[in-house]
Amino acid sequence: NVVVQQLIPGGGASQFSYAALWWQGRPLAEFTARRARQYPVDFGYTSTFVQVAEAPEVTAAARRLLTSIGYHGLVEIEFKRDGRDGTFKLLDVNPRPWSWFGLAAAAGVDLGAMLWQSANGLPMEQAQARRDAAWMYLARDIVSAATLVGRGTLKPVDYLRSFGAVRAWATFAARDPVPGLIDLPLTGWRVLTRRILR
């Protein structure tokens, strides 16, 4: 089978996501985020730096879609702003935890805990996502940032400032630091064996 898909111009910075927990056809908690950096830079298969962002058009479009199918559960819906006409185009729907899922709890909207509370009939408090929160996949973001700095589209000082917003990491957690400590040398080994020595 072949799927033909339109390529929407622009990088990850024009990609936005709607993240939410829906329960019996309505949102219990929701927020939007922007994929500020990705790897590879031009056509990324993974986010490397994601920030909470206001995107009312994305929220409205996602709500229309999910209401129309009576959705129930966790969801992340990706949209991309098409620079040709300014509209948001649907990319995909993830009905499961996604790569930057940790940003939800760090931003004050702990979708995983809320899912557990809802499933067990426990009360939930309304939550609003912190605008200053971000998530980073450090090992890949270093490569992404180096590429952007080399192209002149990212200033080193702006890259360093972005660390101030990070509230969640892809592989590092203070309670369990080993995965984060292993990730950087493991990524270096992959680059060496798959790119340089290939």
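Above this text you will find the structure in question.
K.L.:
Tell me about the pattern of salt bridges, residues and numbers included.
P.N.:
Within this structure, the stated rule accounts for nine salt bridges. Where salt bridges share partners, they join Asp-82, Arg-84, Asp-85 and Lys-89 into one cluster.

K.L.:
Tell me about the layout of surface pockets, residues and numbers included.
P.N.:
Size it by volume and the largest pocket reaches roughly 530 Å³. Looking at the lining of the largest pocket, the element that brings in the most residues is strand 5 (residues 88-94), giving five residues. Class assignment of the residues belonging to the lining of the largest pocket gives a composition of eight nonpolar, twelve polar and eight charged.

K.L.:
Explain the environment of Pro-97 to me, and be specific about the residues and the numbers.
P.N.:
Looking at the secondary structure, you find Pro-97 in the loop between strand 5 and helix 2 (102-106). The spatial distance from the C-alpha of Pro-97 to the C-alpha of Ala-165 is 22 Å, given a sequence separation of 68 residues.

K.L.:
Hey, could you go over the nonpolar core for me, with residue numbers and the actual values?
P.N.:
With 24 residues, the main nonpolar core has Phe-31, Val-52, Trp-100, Leu-103, Val-109, Leu-111 and Trp-135 as its most contacted residues. Breaking this core down by element, the ones donating at least two residues are strand 1 (15-23), strand 2 (26-39), strand 3 (46-52), helix 2 and helix 3 (111-119). The contact partners of Val-52, leaving out residues within four places of it in the chain, are Phe-31, Thr-32, Ala-33, Leu-103, Ala-107, Ala-129, Arg-130, Arg-131 and Ala-133. Listed in part, the 15 residues of the second largest apolar core include Tyr-18, Val-58, Leu-66 and Phe-88.

K.L.:
Provide a residue-level description of empty space enclosed by the protein, including the pertinent values.
P.N.:
Going through the model one piece at a time under the given rule, you end up with one cavity of 30 Å³ or more. Quantified by volume, the largest cavity comes out at close to 40 Å³. For the lining of the largest cavity, the secondary-structure elements that each account for two or more residues are strand 1, strand 2, strand 3 and strand 4 (73-81). For the lining of the largest cavity, a count of residues per class yields four nonpolar, three polar and four charged.

K.L.:
Quick rundown of helix 1 (residues 56-68)? Include the residues and the values.
P.N.:
Look at helix 1: 18 Å from first C-alpha to last across 13 residues, which is about the 18 Å you get at 1.5 Å a residue. Taken residue by residue, helix 1 has Val-58, Thr-59, Ala-61, Ala-62 and Leu-66 as its buried positions. For helix 1, the arc enclosing every buried residue in end-on projection is 165°, short of the 170-degree limit, so these residues lie on one face. In helix 1, those exposed residues whose orientation departs by more than 90 degrees from the buried face are Pro-56, Arg-64 and Ser-68.

K.L.:
Would you mind going over helix 3 in detail, with residue names and values included?
P.N.:
Residues three or four positions apart in an α-helix share a direction because the helix packs 3.6 residues into each turn. Burial in helix 3 covers these residues: Leu-111, Met-114 and Ser-118. Buried residues of helix 3 fall within an arc of 60° about the axis and therefore sit on the same side. Opposite the buried face of helix 3, by more than 90 degrees, sit the exposed residues Trp-116 and Ala-119. Downstream of helix 3 by one or two residues, Gly-121 has phi in the positive range, about 70°.

K.L.:
Run through the sheet that holds strand 7 (residues 166-169), naming residues and quoting values.
P.N.:
Pairing is mixed across the open sheet formed by seven strands, whose spatial order is 5-4-1-2-3-6-7. Here the strands that pair on one side only, and so sit at the sheet edges, are strand 5 and strand 7. Across this sheet, the average inter-strand angle for adjacent strands is 30°, counted without regard to direction. Both strand 6 (residues 134-136) and strand 7 contribute to a ladder of three bridges, which runs parallel. Among the inter-strand pairings, Trp-135 is bridged to a residue of strand 7, identified as Ala-168. Across the sheet, helix 1 is in contact with strand 1, strand 2, strand 4 and strand 5; its angle to strand 1 comes to roughly 45°.

Definitions and limits used
Residues numbered from 1 in each chain as written. Predicted model: local features only at pLDDT ≥ 70, side-chain atom pairs only at ≥ 80, totals over all residues. Heavy atoms only, no water. Salt bridge = Lys/Arg side-chain N within 4 Å of Asp/Glu carboxyl O. 1 Å grid on protein atoms, 1.4 Å probe; cavity = no way out; pocket = protein on both sides within 12 Å on 5 of 7 lines; lining within 4 Å. Points joined across faces, edges and corners; volume = space filled by probe spheres on them. Helix = DSSP H or I, 4+ residues; strand = E, 2+ residues; numbered from the N terminus. Nonpolar A, V, L, I, M, F, W, Y, C, P; charged D, E, K, R; others polar. Core = buried A, V, L, I, M, F, W, Y, C linked by side-chain atoms within 4.5 Å. Buried < 20%, exposed > 50% of the residue type's maximum accessible area, 1.4 Å probe, protein only. Contact = heavy atoms within 4.5 Å. Expected span 1.5 Å × (residues − 1). Arc of directions from axis to C-beta. Pairing = 2+ DSSP bridges. Axes fitted to C-alpha atoms, helices over the stretch in contact; angles between N-to-C directions.

So far we have only geometry, and geometry alone does not tell us how the molecule works.
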